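Listed below, chain by chain, are the residues.
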Amino acid sequence: MKRILAMAVASVMAAAPAIAGPAPADLMIRHATVIDVAKGRAVADQAVAVRNGDIVAVGADRTVARQYSATLTVDATGKFVMPGLWDMHVHFGGGQGLIEENKDLLPLYLANGVTAVRDAAADLSASVLAWRADVAAGTLLGPTIFTSGPKLEGYKPLWKGTIEVGTPAEVDAALDRLQSMKVDFVKITDNTLKPEIFLYAVKAAKKRGLKTSAHTPFALAIEEAAKAGLSSVEHLDYLIKAGSPAETSIAADYVAGKLSYGEASDRFVETFDANYAKSEYDRLAKLGLYVTPTLNMGRILAYLDREDHRNDAGLTLLGPGLRKTYDWRVERAAKATAAQVAARHKEYELSVKVLPMLRDAGIPILAGTDAGYLNSFNYPGFGLHDELQRYVEAGLTPREALASATLTGPRFLGHDDRYGAVAKGKAADILILDANPLADIGATRNIRGVVVKGQWLDRAALDRLLETARSKAARAE
Ligand SMILES: [Zn+2]
């Protein structure tokens, strides 16, 4: 007996140097159910240890709790932990006078669990590039920013803050400039850009290893753009266009001036053919094209005729300058004829059917809102939850909706080594939710706390961010 005890003591002593006490951590989340979005699994009673902005361990609570000693511990018993959400289509813009109001949108994203945004260009690129650096350095509280910098357009476009290109040499010079800004991707739009220059820009960007995101010129078939190497198409109307067997002839009529833009858009909806679309989407999937549906934005714009947004809670969070930019679309919608309103409803109803077809074809879906200036009633941060809700209403599973906002964005931008999971080695961008988002996508709205770059923001801190936004907006009246 005595000898056995002595042996046990000796073995403990011998093992002691190997365990060497727990390692330090800044934060430990304990007893959490961790959502694995890739596998669609919820793993119970896990602990997550965070240090210097990284997740350093995830595993069975008892094991991880023995291995790490944290400065701050959050009890997540009964709660669900998932990776931070990415909004892959936002804007910061509206003129130099709105720089501060745009900067004040950053906390709204965090308060809604959006820990990264992809800025799809506007007229405040210099500010956005500075905020990207400040957020990365930890001197500005906000989501990680990925930005295109100024977008490429043709000469004298409707949009401000663009780089105007009309020749291959100008495209090359523009790409040199964008690379010197270290942009995360290249945004190209079609307002006045010539189709051949569009194709040249896509190919040239690809050669340099840059991703592209676009509004494709009407005259070009979406498949042509994808074949040139276009990385992502923004908005579902382009996929409706691609789903029409008459895409090329309608586009030719538009180019020849026989149809207006609106008439051509309506024609794509009228001639959409599900069988043809299915085979076309299969081809686009094989070409590696991604799509950002901005489905909820389509819905908001389609139903401005019957939905009154004047008492939206979101309006109280925006500065008056940004709110004013909303008028443009509202005034335009007010001028629509009954036939135009009906056509808009029809287009939205079709886009709801298109979304699951893209999923079935294997086209990766990037959750994005189009929130920001101009895009009425689509509130930064809040809008992403609405977008995910629309996806599920359209037929995606909650897991697929979550994947579009956690996995696909990092993969698109080539950062999936750092983002997209609550796992060792990933960035500590984490949400703690009250309910299981795999069971009900609405659960992403009920946020207990957010970890952003390792920093813990509890519910009270998130509410303070919203309160600050509200009082700033009211003061600015
Ligand atoms: Zn946009």
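The shown structure was predicted, so the numbers you read here are calculated from the model rather than taken from an experiment. (Residues numbered from 1 in each chain as written. Predicted model: local features only at pLDDT ≥ 70, side-chain atom pairs only at ≥ 80, totals over all residues. Heavy atoms only, no water.)

(A) Expanded view of the nonpolar core. Counting residues in hydrophobic clusters, the biggest one holds 118 residues, and the most contacted among them are Leu152, Phe198, Leu239 and Tyr281. Those residues in contact with Tyr281, other than ones at most four positions away along the chain, are Leu239, Ile240, Gly243, Phe272, Val354, Met357, Leu358, Ala361 and Ile363. In this structure, Ile55, Ala76, Val422 and Ile432 belong to the second largest nonpolar core, which totals 15 residues. (Core = buried A, V, L, I, M, F, W, Y, C linked by side-chain atoms within 4.5 Å. Buried < 20%, exposed > 50% of the residue type's maximum accessible area, 1.4 Å probe, protein only. Contact = heavy atoms within 4.5 Å.)

(B) Examining the coordination of the zinc ion more closely. Donor atoms from the polypeptide that coordinate the zinc ion comprise His89 (NE2), His91 (NE2) and Asp370 (OD), at 2.0 to 2.1 Å from the metal. Donor residues binding the zinc ion come from one chain and are separated in sequence as H-x1-H-x278-D. Of this pair, His89 sits in strand E6 (residues 85–90) while Asp370 is found in the loop between helix H16 (338–361) and helix H17 (382–394), placing the two residues 281 residues apart along the sequence. For the pair shown, His89 and Asp370 are each scored as buried. (Donors = N, O, S within 2.8 Å, 3.2 Å for Na, K, Ca; no water. Helix = DSSP H or I, 4+ residues; strand = E, 2+ residues; numbered from the N terminus.)

(C) Main features of the sheet that holds strand E8 (residues 144–147). Taking strand neighbours across the sheet as the criterion, the three strands line up as E6-E7-E8 in an open arrangement whose pairing is parallel. Taken across any chain shown, the strands that pair with only one partner, and hence form the sheet edges, are E6 and E8. On average, each strand axis in the sheet is inclined to that of its neighbour by 20°, with strand direction left out of account. Of the pairings in the sheet, the one linking E6 to strand E7 (residues 114–119) comprises four bridges and is parallel in character. Bridging from a neighbouring strand, Val90 pairs with Asp119 of E7. Relative to E6, H17 is tilted by about 95°, and along the sheet it contacts E6 and E7. (Pairing = 2+ DSSP bridges. Axes fitted to C-alpha atoms, helices over the stretch in contact; angles between N-to-C directions.)

(D) Layout of the pairing of strand E15 (residues 430–433). Neither face of E15 is open: one carries Ile430 and Ile432, the other Leu431 and Leu433, and all of them are buried. Examined bridge by bridge, strand E5 (residues 80–83) and E15 share four bridges and lie antiparallel to one another. Following the sheet pairing, Met82 is matched in E15 by Leu431. Bridging between E15 and strand E16 (residues 447–452) involves four bridges; their strand directions are antiparallel. Paired with Leu433 across the two strands is Ile447, which belongs to E16.

(E) Just the pattern of salt bridges, in detail. This model, assessed by the stated rule, comprises 24 salt bridges. Linking Asp360 and Arg359 is a salt bridge whose minimum nitrogen-to-oxygen distance equals 2.7 Å. Residue classification places Arg359 among the partly exposed positions, given a relative accessible area of 26%. With a shortest N-O distance of 2.8 Å, Arg459 and Asp463 are connected by a salt bridge. One end of the pair is Arg459 and the other is Asp463, both in helix H20 (residues 459–475) and four residues apart, which spans about a single turn. Of the residues examined, Asp463 reaches a relative accessible area of 37% and is grouped as partly exposed. Where salt bridges share partners, they join Glu223, Lys227, Glu280 and Arg283 into one cluster. (Salt bridge = Lys/Arg side-chain N within 4 Å of Asp/Glu carboxyl O.)

(F) View of the confidence of the model for the protein chain. Summary statistics for the protein chain give a mean pLDDT of 94 and a share of 96% for residues scoring 70 or more. Ignoring residues within four places in sequence, the model shows residues 1–16, a span with pLDDT below 50, making zero contacts including any to other chains. (pLDDT = per-residue confidence, 0-100.)

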